[in-house]
Protein chains: 2
Amino acid sequence: MAKGITRERIVAAALDLLNDKGMDALTVRALASRLGVGAPALYWHVRNKQELLDEMSTFVMRRVIQALSEIDPGAGWRDAMAAYARVLRSEYLKHRDGARIFSGTRFSDPSVVTAKDPWLESLTGAGFSLAEADDAIDLITAFVVGFVIEEQERNRPRDDDPERYSLEGRDEWLGEGADLVKAAGHLRDDGDQRFERQLGVVLDGLAARLR
Amino acid sequence: MAKGITRERIVAAALDLLNDKGMDALTVRALASRLGVGAPALYWHVRNKQELLDEMSTFVMRRVIQALSEIDPGAGWRDAMAAYARVLRSEYLKHRDGARIFSGTRFSDPSVVTAKDPWLESLTGAGFSLAEADDAIDLITAFVVGFVIEEQERNRPRDDDPERYSLEGRDEWLGEGADLVKAAGHLRDDGDQRFERQLGVVLDGLAARLR
DNA sequence: ACCTGAACACCGTTCAAGT
DNA sequence: ACCTGAACACCGTTCAAGT
């Protein structure tokens, strides 16, 4: 049963292929062969490759929305925003280069945008103005996107120059001086801990707006 | 004098081409023809296209470093970090999709990394621990990257569906409900102001770490 | 040392033709 | 309605050959 190709199966296979081989290997031909079909067959279900990429983005964001809808919204704004940040990060982390590829994309689905509404409600209910609440969501989003882009870049399997990301190799590569940069490199801990600390800083900044 | 192709001229022309036509149109052939030369000629000066992209990233980051070196470092940590954030944003904004393309890239130049040193010194001098200082720089960087990615995506010249980004068209597209999302859309102001407000929130969060 | 011309394998996309 | 086979214009890259 190689047939029965559908829009959803194409998107799912595309996300699998992205994770397996990376963005450069995500070609229409490779995707089609993974689905047991010729390349032109995909053009019956999808207008072009750009529309496929848009569908992939929408799919990822729908999973974010889904995960968010399972969060208790009455937990207070700080826990709610922290939960939003963690969900967004973990969904991006599920896909190779997820943050770079799926952030800031145009959504073909209004429900992805309207899902912001309960969060605005929670924030304004806590005492933020509507403008502050909108800023808060954008700020958390921007932080997560920027953090995970850097995180996924650092963790990317690299063919060349692997010693530049080991501590000793890095110190050598940096050359003379820059002692604080080197020392900070040695202090650097787990991605989860760094994320939680930096998220805490942002939430503290938001809390300061409530005084 | 079509000849005299050099590595620097190639990178400069590539950045021009990126701004003119976008990433998809940045092909080796188009770049070569812009330099008045055949496509294979570029392979004498550059190993492959990936190396060219890396050189472009390094060039952009070198300009960030250059701009940062002209900032008064004795101005206090808060002004210094704000200046860093503004410089990073304005350099990304100089190139189409600059934040998405040039963020989180591996640098072929150690001086880009060692330039962090004076900033770590300024922050630790102000009372931050080294780990906190390192977090602070990463956090500001992540915020700027995420903010500008969204900003450049929103401002991108779009062929399709232009009314989805006008306010009336957007309200219609959103459908029933989502009143807060719509109202927030109408409140939305200039990118510069939103950037300054959100940057202020992050800096407040950092300041809270000093108590 | 630096560049050209021709070629290779591959890409996204179209389209007539099959079922 | 859904898919194939063949084709088109284009891509990154290589390589012998020119100067």
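Here the structure is a predicted model, which is why all the values come from computation and not from measurement. Note that residues are indexed from 1 along each chain, following the sequence as it is written. Chain A is the first chain written and ligand 1 is the first ligand written, with later ones labelled in order. It should be noted that, the model being predicted, local features are given only for residues of pLDDT at least 70 and side-chain atom pairs only at 80 or more, the latter also being counted only at that level, while totals for whole chains, interfaces and linings use all residues. As a convention, hydrogens and water are excluded, and side-chain values are obtained from all of the structure's heavy atoms.

Draft legend 1. Region of interest: the overall build of chain A. In this description a helix means any DSSP run of H or I spanning at least four residues, a strand means any run of E spanning at least two, and both kinds are numbered starting from the N terminus. Secondary structure assignment for chain A yields 12 helices and 0 strands. For chain A, the N- to C-terminal ordering of α and β elements is α-α-α-α-α-α-α-α-α-α-α-α. Taking the principal axes of its C-alpha atoms as reference, chain A extends roughly 60 × 55 × 25 Å. Each residue is assigned to one of three classes by its accessible area relative to the maximum for its type, calculated with a 1.4 Å probe on protein chains only: buried under 20%, partly exposed between the two thresholds, exposed over 50%. The buried share among the 211 residues of chain A stands at 50%. Between two residues, a contact is recorded if the distance between any of their heavy atoms is within 4.5 Å. A separation of at least 24 residues holds for 67% of the contacts in chain A among residues at least 6 apart in sequence. Residue burial considers only the protein chains on display, and all accessible areas are found by Shrake-Rupley using a 1.4 Å probe. By element, 52% of the accessible surface of chain A is carried by carbon and sulfur atoms, the whole surface being about 10100 Å². In this tally, Asp and Glu contribute negative charge and Lys and Arg positive charge; neither His nor the terminal groups of the chain are included. Taken as the charge location is NZ of Lys, CZ of Arg, CG of Asp or CD of Glu. Charge centroids of chain A, computed over 29 positive and 36 negative side chains, lie 5 Å from each other.

Draft legend 2. Structural view of the interface of chain B and chain A. Listed by partner, the interface residues are 57 residues for chain B and 57 residues for chain A. Defined here as a combined quantity, buried area equals the accessible surface (1.4 Å probe) lost by two parts on assembly, summed across both. Both sides together, the interface formed by chain B and chain A hides about 4700 Å², and carbon and sulfur atoms give 59% of it. When a carboxyl oxygen of Asp or Glu lies within 4 Å of a side-chain nitrogen of Lys or Arg, that pair is called a salt bridge. At the boundary of chain B with chain A, the tally comes to 10 salt bridges. Two N or O atoms form a polar contact when they lie within 3.5 Å of each other; inside protein one atom must be a possible hydrogen donor and the other a possible acceptor, and for residues adjacent in sequence the pair counts only when both atoms belong to side chains. Between chain B and chain A we count 19 residue pairs in polar contact (both at pLDDT 80 or more) in total. Counting residues per element, the ones that place at least two in the side of chain B that touches chain A are helix H6 (98-102), helix H7 (110-114), helix H8 (117-125), helix H9 (130-155), helix H10 (167-174), helix H11 (179-187) and helix H12 (191-208) of chain B. Here the element with the most residues in the side of chain B that touches chain A is H9 of chain B; it accounts for 14 residues. We call Asp, Glu, Lys and Arg charged. Ala, Val, Leu, Ile, Met, Phe, Trp, Tyr, Cys and Pro are nonpolar, and the rest, Gly among them, are polar. Grouping the amino acids of the side of chain B that touches chain A by side-chain chemistry returns 26 nonpolar, 9 polar and 22 charged.

Draft legend 3. Spatial organisation of the protein's contact with DNA strand C. Among the 17 residues in the neighbourhood of DNA strand C, the closest are listed as Arg29, Tyr43 and Lys49 of chain A together with Gly38 and His45 of chain B. A cutoff of 4 Å decides nearness: a residue is near a molecule or strand if any of its heavy atoms lies inside that distance of it. Counted by atom, the contact set of DNA strand C within 4 Å of the protein is 52% sugar and phosphate. A distance of 2.6 Å separates a phosphate oxygen of DNA strand C from a polar side-chain atom of His45 of chain B. For the surface near DNA strand C, the elements supplying multiple residues, two or more each, are helix H2 (28-34) of chain A together with helix H3 (42-45) of chain B.

Draft legend 4. Inspection of the nonpolar core at higher detail. Joining through side-chain atoms within 4.5 Å is the link that ties buried Ala, Val, Leu, Ile, Met, Phe, Trp, Tyr and Cys residues into a set, and such a set is a nonpolar core. Met56 and Ile140 of chain A together with Met56 and Ile140 of chain B are the most contacted members of the largest nonpolar core, which has 138 residues in total. Residues contacting Met56 of chain A, with those up to four places away along its chain left out, are Val11, Ala14, Leu15, Leu18, Leu26 and Phe102 of chain A.

Draft legend 5. Structural context of H9 of chain B. Residue count minus one, scaled by 1.5 Å, sets the expected span of a helix. The end-to-end C-alpha separation of H9 of chain B is 37 Å, in line with the 38 Å expected for 26 residues at 1.5 Å each. Most of H9 of chain B sits inside the fold, with 20 of its 26 residues counted as buried.

Draft legend 6. Molecular detail of the side chain of Asp171 of chain A. Residues and elements named next belong to chain A. By the element assignment, Asp171 lies in helix H10 (residues 167-174). An unpaired buried charge is present at Asp171: no salt bridge exists, and Arg170, the closest side chain of opposite charge, is 5.0 Å distant. Those residues in contact with Asp171 that sit more than four places away from it in its chain are Lys182 and His186.

Draft legend 7. The domain arrangement of chain A, seen in detail. Residue and element names in this part refer to chain A. What marks off one domain from the next here is an automatic or database domain assignment. If you check the domain split of chain A, you get domain 1 (1-47) and domain 2 (60-208). Here the C-alpha centre of domain 2 lies 29 Å away from the C-alpha centre of domain 1. The interface of domain 1 with domain 2 comprises 7 residues on the first partner and 6 residues on the second. In this assembly, domain 1 packs against domain 2 so that about 520 Å² is buried in total across both faces, 59% of it on carbon and sulfur atoms. The largest per-residue losses of area from domain 1 upon contact with domain 2 belong to Leu15, Leu18 and Asn19, which jointly make up 72% of the total buried on that side. For the interface between domain 1 and domain 2, the tally reads 0 salt bridges. Where domain 1 packs against domain 2, one counts 3 residue pairs in polar contact (both at pLDDT 80 or more).

Draft legend 8. How the structure looks around the UniProt feature "domain: HTH tetR-type" (unreviewed entry) in chain A. UniProt positions are given in the numbering used here, feature names are shortened, and annotations may be inferred rather than shown by experiment. Within this structure's numbering, the places UniProt gives as "domain: HTH tetR-type" (unreviewed entry) are residues 4-64 of chain A. Taken as a whole, residues 4-64 of chain A contains 69% helix and 0% strand, while its terminal C-alpha atoms sit 28 Å from one another.

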